[in-house]
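The chain contents come next:
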Amino acid sequence: QVQLVESGGGLVQSGGSLRLSCAASGRTFSRYVMGWFRQAPGKEREFVAAISSSSGVTSYADSVKGRFTISRDNAQNTVYLQMNSLKPEDTAVYYCAAAQGVNSIATMRLHSKSDYWGQGTQVTVSS
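Computed from a predicted model, the values in this text were never measured in an experiment.

K.L.:
Looking at this structure, I do not really get the nonpolar core. What am I missing?
P.N.:
What tends to happen in soluble globular proteins is that the nonpolar side chains get buried as a cluster. Counting 37 residues, the largest nonpolar core has Met34, Trp36, Val79, Leu81, Met83 and Tyr94 as its most contacted members. The set of elements that each furnish at least two residues to this core consists of β3 (18-24), β4 (33-39), β5 (46-51), β7 (68-73), β8 (78-83), β9 (92-99), α1 (104-111) and β11 (121-126). No other element matches β9, which puts 6 residues into this core. When sequence neighbours within four positions are dropped, the list of residues in contact with Val79 reads Leu20, Ser21, Cys22, Phe29, Met34, Trp36, Ile51, Ile70, Ser71, Arg72 and Cys96.

Structure (structure tokens):
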């Protein structure tokens, strides 16, 4: 069992940057694949980025590739999402997620599924 708490959301102008953080409870954080998802009003939840337990593998949605960077600090039980060059279409509630298993990154990317979810943090990008 792992509990996830996101922070760092807010209001930013188009072209600006934000850094989201997700703090995880438990002693087994380093075993989990971690991901970020987002859900805009009236839309389905969509995959944003994921990172393997050892940070050796990352995956990004095409819409954020080159602008967003996912990273993690296993000593601090925290995963981050650095968001640069933000656009109004990035406006959404952003959720942190955790999953175990060798296919977790693929499951997150292809099916937007995970084992554990945070409560979400709002990101609003004004034009």
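K.L.:
Is there a simple way to think about the packing of aromatic side chains in this case?
P.N.:
Two aromatic rings, taken as a pair, are described by how far apart their centres are and by the angle between their planes. Here the structure, examined in full by the defined rule, presents 3 aromatic pairs. Ring plane angle 75° and centroid distance 5.8 Å describe the contact between Phe37 and Phe47, whose orientation is recorded as edge-to-face. Taken as a pair, Phe37 in strand β4 and Phe47 in strand β5 lie far apart in primary sequence, 10 residues in all. Of the two residues, Phe37 and Phe47, both sit in the buried class. Taken together, the ring pairs in this structure connect Phe37, Phe47 and Trp117 into an aromatic cluster. Geometry around Tyr80 places Arg19 over its ring, the cationic atom sitting 3.9 Å from the centre. Its guanidinium or amino end placed over the ring of Trp117, Arg45 lies 3.9 Å from that ring's centre, counting from NZ or CZ.

K.L.:
Teacher, can you tell me more about the layout of surface pockets here?
P.N.:
The gaps left among the atoms become clear once a water-sized probe is rolled over them. Reported here for the largest pocket is a volume of approximately 170 Å³. Lining the largest pocket are 13 residues, and of these Arg38, Ala40, Lys43, Glu46 and Glu89 sit closest to its centre. Taken together, the residues of the lining of the largest pocket break down into 2 nonpolar, 3 polar and 8 charged.

K.L.:
I would appreciate a short explanation of the sheet that holds β8 in the present structure.
P.N.:
What links the strands of a sheet is backbone hydrogen bonding, and the strands pair in either a parallel or an antiparallel sense. One open sheet accounts for 4 strands, arranged β1-β3-β8-β7; its pairing is antiparallel. Each end of this open sheet is capped by a strand with a single partner; those strands are β1 (4-7) and β7. Strand-to-strand twist in this sheet, taken as the mean axis angle between neighbours without regard to direction, amounts to 15°. With 6 bridges joining them, β7 and β8 adopt antiparallel strand pairing. When the sheet's bridge partners are listed, Ile70 is paired in β8 with Leu81.

Definitions and cut-offs
Residues numbered from 1 in each chain as written. Predicted model: local features only at pLDDT ≥ 70, side-chain atom pairs only at ≥ 80, totals over all residues. Heavy atoms only, no water. Core = buried A, V, L, I, M, F, W, Y, C linked by side-chain atoms within 4.5 Å. Buried < 20%, exposed > 50% of the residue type's maximum accessible area, 1.4 Å probe, protein only. Helix = DSSP H or I, 4+ residues; strand = E, 2+ residues; numbered from the N terminus. Contact = heavy atoms within 4.5 Å. Phe/Tyr/Trp six-rings, centres within 6.5 Å; stacked < 30°, edge-to-face > 60°. Lys NZ or Arg CZ within 6 Å of the ring centre and 35° of its normal. 1 Å grid on protein atoms, 1.4 Å probe; cavity = no way out; pocket = protein on both sides within 12 Å on 5 of 7 lines; lining within 4 Å. Points joined across faces, edges and corners; volume = space filled by probe spheres on them. Nonpolar A, V, L, I, M, F, W, Y, C, P; charged D, E, K, R; others polar. Pairing = 2+ DSSP bridges. Axes fitted to C-alpha atoms, helices over the stretch in contact; angles between N-to-C directions.

Functional significance is not addressed by these values, which are geometric in nature.
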